[in-house]
Amino acid sequence: QFRKLPEAAVYIQTRNPRHSVLRGLTEPDRFYRTDLNARQGFQYPPYVYMARYLFSHASQAVAKKEANRVLALLQTALTETKKDIIITGPVELQPKFYRGQYWFMLLAKMPQKSWPQDLMWLNHFIPANWKIDPNPISLLSP
């Protein structure tokens, strides 16, 4: 249950007054529906479950080569088993050089109905020196 707060005046200066976020202030139901439709189209939560797989190394070339190697391994395993999992990447994270390391990410998108089994299956292919971030809060930062 939401409690109605006293009204207050707020001024927002913008070049795009028709932006969906600004329109959402006066039409929250429309904003909600629009955002959910976009999330479904991009295959983002709550329609899929996502997990990030992170690798870092002091050498950018080594980090990228390892990310590509693991991506190829996962794609081969997915092709053989015909699992409904989408792997994207490798993506260089921002900042690309963080704590003395270059960071790369692979992103896995799994169906909501089977993600616990799919996540366990995928994790078997990930080397021990990788980091696994299930249900990530951010996609582009290490």
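Below or above, wherever it landed, is the structure these notes cover. Owing to the predicted nature of the structure, the values given are computational and were not obtained by experimental measurement.

1. Focus: unusual backbone geometry
- Cis peptide bonds are those with omega within 30 degrees of zero, and the linkage from Pro-45 to Pro-46 qualifies with 10 degrees.
- Its place among the elements puts Pro-46 in the loop between helix 2 (28-42) and strand 1 (48-57).
- A cis geometry characterises the amide bond from Gln-94 onward to Pro-95, with omega recorded as 0 degrees.
- Considering the arrangement of structural elements, one finds Pro-95 in strand 2 (residues 86-98).
- Backbone geometry at Gln-43 places phi at a positive 55 degrees, although glycine is not the residue there.
- Looking at where Gln-43 falls in the secondary structure, it is placed in the loop between helix 2 and strand 1.
- Of the residues examined, Gln-43 reaches a relative accessible area of 35% and is grouped as partly exposed.

2. Comments concerning the nonpolar core
- Counting residues in each nonpolar core, the largest one holds 23 residues, and the members touching the most others are Tyr-53, Ile-85, Ile-87, Met-110, Leu-122 and Trp-130.
- Taken together, the elements giving at least two residues each to this core come down to strand 1, helix 3 (60-81), strand 3 (101-111) and helix 4 (115-123).
- Here this core takes seven residues from helix 3, the largest share from any one element.
- Not counting chain neighbours up to four residues away, the residues in contact with Met-110 comprise Val-48, Tyr-49, Met-50, Ala-51, Asp-84, Ile-85, Trp-115, Asp-118, Leu-119 and Leu-122.
- Ranked by size, the runner-up nonpolar core spans seven residues in total, among them Val-48, Met-50, Leu-54 and Leu-93.

3. Concerning the packing of aromatic side chains
- Taken as a whole and assessed by the stated rule, the structure comprises five aromatic pairs.
- Residues Phe-97 and Tyr-102 carry aromatic rings whose centres are separated by 4.8 Å and whose planes lie at 55 degrees to one another, so their mutual orientation is tilted.
- Taking relative accessible area as the criterion, Phe-97 reaches 46% and is therefore assigned partly exposed.
- The ring of Trp-121 is capped by Lys-83, whose NZ or CZ atom sits 5.3 Å from the centre of that ring.

4. What about the environment of Pro-127?
- Counting through the fold element by element, Pro-127 comes out in the loop between helix 4 and strand 4 (131-134).
- For the pair Pro-127 and Phe-55, spaced 72 residues apart in sequence, the C-alpha separation works out to 9.6 Å.

5. Quick word on helix 2
- With 15 residues, helix 2 should cover 21 Å at 1.5 Å per step; its first-to-last C-alpha distance of 21 Å lies within 8% of that length.
- Just past helix 2, the residue Gln-43 takes up positive phi, approximately 55 degrees.

6. What about the sheet that holds strand 2?
- The four strands lie next to each other as 2-3-1-4, forming an open sheet whose pairing is antiparallel. Only two strands of the sheet have a single partner each, and these edge strands are strand 2 and strand 4. Across the sheet, the mean angle from the axis of one strand to that of its neighbour is 25 degrees, orientation sign disregarded.
- Both strand 1 and strand 3 contribute to a ladder of 10 bridges, which runs antiparallel.

What counts, and at which threshold
- Residues numbered from 1 in each chain as written.
- Predicted model: local features only at pLDDT ≥ 70, side-chain atom pairs only at ≥ 80, totals over all residues.
- Heavy atoms only, no water.
- Helix = DSSP H or I, 4+ residues; strand = E, 2+ residues; numbered from the N terminus.
- Buried < 20%, exposed > 50% of the residue type's maximum accessible area, 1.4 Å probe, protein only.
- Core = buried A, V, L, I, M, F, W, Y, C linked by side-chain atoms within 4.5 Å.
- Contact = heavy atoms within 4.5 Å.
- Phe/Tyr/Trp six-rings, centres within 6.5 Å; stacked < 30°, edge-to-face > 60°.
- Lys NZ or Arg CZ within 6 Å of the ring centre and 35° of its normal.
- Expected span 1.5 Å × (residues − 1).
- Pairing = 2+ DSSP bridges.
- Axes fitted to C-alpha atoms, helices over the stretch in contact; angles between N-to-C directions.

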